[in-house]
Amino acid sequence: LLHCFRESFAFIRRAKKAFPLMLCNSLVGAADILLLFFLQAKLPQKGIPAEGLGLALLLLEMGGIVGSRLVLRLKHLRYRHLFLLSCLMVLLGILLEHSPSYFIMVLGGFIAAMGDDALQVRTNARLQHMFPSEQRATLTSVESFSFSTVMIVLTPLAGLFFTHW
């Protein structure tokens, strides 16, 4: 186990450009995932019919599918611009979560998922090109660790934020 940690941290030290990409992607992804968690809890409170909740959750996930397909058509868009656009889309989703209308809340979640998954696809493509195939398992482990660490920090903060805002 100690060997795995050493290998992962050595990987991060060698991959100076990769870790900031992973961190940015993890921040956007964690914000989107937390928004979707809170939407799942808040939509019934806003009056969505019980039989409509499943459809609403499906629509939220479809935002990710649309984003992952759309980014393939936006190859000319620089990573930095895509990151900013994704951040704005997730922020818009968070703002729309406070709408009195569950239709608008679902639209916000759709938009946030679209931005998150677009960034995820572009980030993964960039990271895959940075490393040879024999290092991709370590890359995936470090990327997963990065996301988990960000979630550990953001989850209680998001609970406070969504509870009191």
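Residues numbered from 1 in each chain as written. Predicted model: local features only at pLDDT ≥ 70, side-chain atom pairs only at ≥ 80, totals over all residues. Heavy atoms only, no water.

Overview of the overall build of the protein chain
Then, number 1: Helices and strands together make up the secondary structure of the protein chain, namely 6 helices and 0 strands.
Then, number 2: The secondary structure elements of the protein chain, listed N-terminal to C-terminal, are α-α-α-α-α-α.
Then, number 3: Principal-axis analysis of the C-alpha atoms gives the protein chain an extent of 50 × 35 × 25 Å.
Then, number 4: Here the protein chain, with 165 residues, has 38% of them falling under the buried criterion. (Helix = DSSP H or I, 4+ residues; strand = E, 2+ residues; numbered from the N terminus. Buried < 20%, exposed > 50% of the residue type's maximum accessible area, 1.4 Å probe, protein only.)

A look at the packing of helix H3 (residues 50-73) against helix H5 (residues 102-130)
Then, number 1: Packing of H3 against H5 leaves a shortest axis separation of 7 Å and a crossing angle of 35 degrees. In the packing of H3 onto H5, the handedness of the crossing is right-handed. Mapping the contact onto sequence places Ala-56, Leu-59, Leu-60, Met-62, Gly-63, Gly-64, Ile-65, Val-66, Gly-67, Ser-68, Val-71 and Leu-72 in H3 and Val-106, Gly-109, Phe-110, Ala-113, Met-114, Asp-117, Ala-118, Val-121 and Arg-122 in H5.
Then, number 2: Here the residues of the contact of H3 with H5 are counted per class, giving 14 nonpolar, 5 polar and 2 charged. (Axes fitted to C-alpha atoms, helices over the stretch in contact; angles between N-to-C directions. Left-handed = near helix turned anticlockwise from the far one by under 90°. Contact = heavy atoms within 4.5 Å. Nonpolar A, V, L, I, M, F, W, Y, C, P; charged D, E, K, R; others polar.)

Re helix H2 (residues 18-45)
Owing to its 3.6 residues per turn, the α-helix aligns residues three or four sequence positions apart on the same side.
Then, number 1: Helix length check: H2, at 28 residues, gives a terminal C-alpha distance of 41 Å against a target of 40 Å (1.5 Å per residue), a fit within 8%.
Then, number 2: Along H2, the sharpest change in direction is near 30 degrees and occurs at Leu-39.
Then, number 3: Taken from the residues just after H2, Gly-47 is the one with a positive phi, measuring 100 degrees. (Expected span 1.5 Å × (residues − 1). Bend = angle between axes of the 7 residues up to and from the residue.)

Describing the environment of Phe-131
Then, number 1: Relative to the assigned elements, Phe-131 resides in the loop between H5 and helix H6 (136-164).
Then, number 2: Assessed through its relative accessible area of 11%, Phe-131 is described here as buried.
Then, number 3: Phe-131 sits 113 residues away from Ala-18 along the chain, and the two C-alpha atoms are 9.5 Å apart.

A closer look at H3
Then, number 1: The end-to-end C-alpha distance of H3 is 36 Å, a good match for the 34 Å that 24 residues give at a rise of 1.5 Å each.
Then, number 2: Every buried residue of H3 is accounted for by Ala-56, Leu-60, Gly-63, Gly-64, Gly-67 and Val-71.
Then, number 3: Residues of H3 that are buried sit in contact with H2, helix H4 (79-96) and H5.

Quick word on the confidence of the model for the protein chain
Then, number 1: On average, residues of the protein chain carry a pLDDT of 89, and 95% of them reach 70 or more.
Then, number 2: Between the elements of the protein chain, mean pLDDT differs from a low of 73, seen in helix H1 (residues 2-14), to a high of 97, seen in H4. (pLDDT = per-residue confidence, 0-100.)

Some thoughts on the nonpolar core
Then, number 1: Grouped together as the largest cluster of nonpolar side chains are 33 residues, with contacts concentrated most on Ala-18, Met-22, Leu-35, Leu-39, Leu-43, Leu-127 and Phe-131.
Then, number 2: Secondary-structure elements contributing two or more residues to this core are H1, H2, H3, H4, H5 and H6.
Then, number 3: Residue contributions to this core peak at 10 residues, all from H2. (Core = buried A, V, L, I, M, F, W, Y, C linked by side-chain atoms within 4.5 Å.)

Considering the pattern of salt bridges
Then, number 1: Scanning the entire structure with this criterion turns up 1 salt bridge.
Then, number 2: Ionic pairing is found between Lys-42 and Glu-97, a salt bridge with its closest N-O pair at 3.0 Å. Residue Lys-42 is located in helix H2, and its partner Glu-97 is located in the loop between H4 and H5; the two are separated by 55 residues in the primary sequence. Residues Lys-42 and Glu-97 agree in their burial class; the two are buried. (Salt bridge = Lys/Arg side-chain N within 4 Å of Asp/Glu carboxyl O.)

Some details on the packing of H2 against H3
Then, number 1: Interhelical geometry of H2 versus H3 gives an angle of 155 degrees and a closest axis separation of 11 Å. It follows that H2 is roughly antiparallel to H3 by the angle criterion. Pair H2 / H3 crosses with right-handed handedness. Here Leu-36, Leu-39, Gln-40, Leu-43 and Pro-44 of H2 come into contact with H3, specifically with Leu-53, Ala-56, Leu-57, Leu-60 and Glu-61.
Then, number 2: Of the residues assigned to the contact of H2 with H3, the class counts are 8 nonpolar, 1 polar and 1 charged. (Parallel < 35°, antiparallel > 145°, perpendicular 65-115°, else oblique.)

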